[in-house]
Number of protein chains: 2
Amino acid sequence: MSSVSYLPEQRRSEILAILSRGEPVSAAELAVRFSVSEDAIRRDLRKLAAEGLCEKVYGGALPVSPSAQPYSSRAGEDRSRKEALATVALTLLMPRQCVFLDVGSTNALLAEMLPSNLDLTVVTNSVPVMAALMDRPGISLFALGGSVGGQAGGMTGAQAVSDMERYRFDLAFLGTCSLCPETGVTAFDGDDAEVKRAAARNSEKIAVMVTTDKLGARLPHKVLPMEQIDYLVSEGEAAQQPLHLYQTQNNQILTTANVDTNSVKEK
Amino acid sequence: MSSVSYLPEQRRSEILAILSRGEPVSAAELAVRFSVSEDAIRRDLRKLAAEGLCEKVYGGALPVSPSAQPYSSRAGEDRSRKEALATVALTLLMPRQCVFLDVGSTNALLAEMLPSNLDLTVVTNSVPVMAALMDRPGISLFALGGSVGGQAGGMTGAQAVSDMERYRFDLAFLGTCSLCPETGVTAFDGDDAEVKRAAARNSEKIAVMVTTDKLGARLPHKVLPMEQIDYLVSEGEAAQQPLHLYQTQNNQILTTANVDTNSVKEK
DNA sequence: TCCGGTTTTGCACGTTTATGCAAATTACGG
DNA sequence: CCGTAATTTGCATAAACGTGCAAAACCGGA
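Residues numbered from 1 in each chain as written. Chains lettered and ligands numbered in written order. Predicted model: local features only at pLDDT ≥ 70, side-chain atom pairs only at ≥ 80, totals over all residues.

### Some remarks on the overall build of chain A
Phase 1: Looking only at helices and strands, chain A has eight helices and 15 strands in total.
Phase 2: Counting over 267 residues, chain A shows a buried share of 39%.
Phase 3: Once local pairs closer than 6 in sequence are excluded, the contacts in chain A between residues at least 24 apart make up 58%. (Helix = DSSP H or I, 4+ residues; strand = E, 2+ residues; numbered from the N terminus. Buried ≥ 20, exposed ≤ 12 C-beta atoms within 10 Å, placed from the backbone. Contact = placed C-beta atoms within 7 Å.)

Structure, rendered in structure tokens:
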């Protein structure tokens, strides 16, 4: 930011960093940001595009198709579905909010995709989320303490629960092991469920992201009834479990289907 | 600043210190900073890059990309040197002990190499350590809570310090930013230093692992004097900084050269 | 103390890379 | 179909680079 002069390579690397979290870049903006002419920026973008690291378009560049670039070979199908969920979930975020990100692979993906320009504060008990956000400028990151249980992939137990009282969230993304209309969110692990309930207690709004395979099943530990969920982010209409069953008086159901992919930048 | 002439090795060490803080360096700036020609600096950077300690780019050098660093890919000899250190450090562990693993890449390697059959309890503030150990059977893992600062790669700040009081360690591995005979362990970051001191307070024994490039330099924040260190794990005799300078009345010096516990005092 | 070998350093040289400007070209919106 | 803005291309300048070389500093042994 304050660095008077960027190294060329460093500049490209920063551009790539912006791109890699899904944000489009404008040549004009970058020119001011790095105090160089637009020509230099355009040359950078052209170079990156030549390496397949972004897509050059009129006015700037777009990140390469999310599921295509990184390590698509690995579990690609499932990952791209969760990426779609996370993309929709991003729309729930507002500047300067404090959000809780629970354990779970979908939340970890959401973390990777968080924009840097919203001045967010993130609290988490998930190790992957911490790994994704720990050196991201523009995001304040806090971690719960306590026992790290292998099963959930994050901190659970008494200390994590009591640490939760230190924070107040605008929005909490609960990792959802399972969701059914009658019982709401349920979990495998008792300690994990305890943490989720504590997060819910301290949050204004509660959001859950679910892939269709998580709909319908019931697990041993009750977390929250449907009524307490404010945002349900799901895939398109599920055959086995129609989404309308999950509609309550005060929740909002967002699906990956009816959200158009207008990834453009507003001006 | 004050020192009129730097030893070449000392200069490289300082450059490395800046780099390891995550800051890029410019050849021109370093040239004036050390009052040498840019050629000398470029030679230094080239040398460091050859060892995989930085990435040489046009205009200067960048710290090794955090994203390229993950848990196995970096085949640099730096890693193997640290692995050697960690191997030696493993001999300090006894069954059923409770150990603290601080932030730092060497400690992260140690975490990966921890045996599963010792019934260890590990407490850490390092995200990579958590990632390495979270689903390892045979190891109970606990994490400190608090603010996650990108620089150190783990939790720091007031909450981490107060969380430390919850535990009592048999052995604490402090991440050593730098070590010199007169000042002992020093660190870049004040909050980080605070956490290290808290760990030391709550531990029976204190161990540090250092690669030779960390010997000699002094950083702003004092952590612990040499006298409080019980185990120093180092590489073989260092040219610039003979190990015997680090010998105190009650420490034990282990090197990767002679793995035997022939330490104790000078004969 | 002197001496040979090694390392480090600064400088000169030709080469590569980065940058900004101007002119020609292309894409976009109406 | 036209005008504006973005883009490409070519070019000139400046900065950074690698290499070879010789002087200087340093080190260890006699």
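### Section: the interface of chain A and chain B
Phase 1: At the interface, 21 residues of chain A touch 25 residues of chain B.
Phase 2: Every element with two or more residues in the side of chain A that touches chain B is listed here: α1 (8-20), α6 (127-133), β6 (139-143) and β7 (146-149) of chain A.
Phase 3: Per-class residue counts for the side of chain A that touches chain B are twelve nonpolar, six polar and three charged.
Phase 4: Relative to strand β7 (residues 146-149) of chain B, β6(A) runs antiparallel, the two being bridged by two bridges. What sits directly across from Phe142(A), in β7(B), is Ser147(B). (Nonpolar A, V, L, I, M, F, W, Y, C, P; charged D, E, K, R; others polar. Pairing = 2+ DSSP bridges.)

### A word on the environment of Ser234(B)
Phase 1: Examined against the element boundaries, Ser234(B) turns out to sit in strand β14 (residues 231-234).
Phase 2: Through-space distance from the C-alpha of Ser234(B) to that of Ala84(B) is 9.3 Å; in sequence the pair is 150 residues apart.

### Regarding the protein's contact with DNA strand C
Phase 1: Every one of the 14 residues lining DNA strand C counts as a neighbour, but Ser37(A), Ala40(A), Val36(B), Ser37(B) and Ala40(B) are closest to it.
Phase 2: At the level of secondary structure, the elements contributing two or more residues to the surface near DNA strand C comprise α3 (38-50) of chain A together with α3 (38-50) of chain B.
Phase 3: Residue classes in the surface near DNA strand C are distributed as eight nonpolar, two polar and four charged. (Near = placed C-beta within 6 Å.)

### Concerning the sheet that holds strand β12 (residues 203-210) of chain B
Phase 1: Reading across from one edge, β8(A)-β7(A)-β6(B)-β5(B)-β4(B)-β9(B)-β12(B)-β14(B)-β15(B) is the order of the nine strands in this open sheet, with mixed pairing throughout. The outermost strands of the open sheet, each flanked by one partner alone, are β8 (154-156) of chain A together with β15 (252-255) of chain B. The mean inter-strand angle of the sheet, taken between neighbouring strand axes irrespective of direction, is 30 degrees.
Phase 2: Relative to strand β5 (residues 120-124) of chain B, strand β4 (residues 98-101) of chain B runs parallel, the two sharing four bridges. (Axes fitted to C-alpha atoms, helices over the stretch in contact; angles between N-to-C directions.)

### Describing the pairing of strand β2 (residues 54-57) of chain B
Along any regular strand the residues' side chains alternate between the sheet's two faces.
All names here are of chain B.
Phase 1: Where β2 meets strand β3 (residues 60-63), four bridges bridge the pair, whose relative direction is antiparallel. What sits directly across from Glu-55, in β3, is Leu-62.
Phase 2: Here β2 folds back onto β3 in antiparallel fashion, the turn holding two residues, of which Gly-59 has a positive phi close to 105 degrees.

### Observations concerning the nonpolar core
Phase 1: Membership of the largest hydrophobic core comes to 120 residues, with the highest contact counts inside it found for Ala172(A), Phe173(A), Met130(B), Ala172(B) and Phe173(B).
Phase 2: Contact partners of Ala172(A), with chain neighbours within four places excluded, come to Val99(A), Phe100(A), Ala199(A), Ala200(A), Ser203(A), Ile206(A) and Ala207(A).
Phase 3: Listed in part, the 14 residues of the second largest apolar core include Leu16(B), Ile41(B), Leu53(B) and Ala61(B). (Core = buried A, V, L, I, M, F, W, Y, C linked by C-beta atoms within 7 Å.)

### Comments concerning the pairing of strand β3 (residues 60-63) of chain A
Phase 1: Relative to β3(A), strand β1 (residues 25-26) of chain A runs antiparallel, the two sharing two bridges. Each residue of the ladder has a partner; that of Ser26(A), found in β3(A), is Gly60(A).

### What to know about unusual backbone geometry
Phase 1: Residue Ser35(A) is not a glycine yet carries a positive backbone phi of 55 degrees.
Phase 2: With respect to the helices, strands and loops of the structure, Ser35(A) is situated in the loop between α2 (27-34) and α3.

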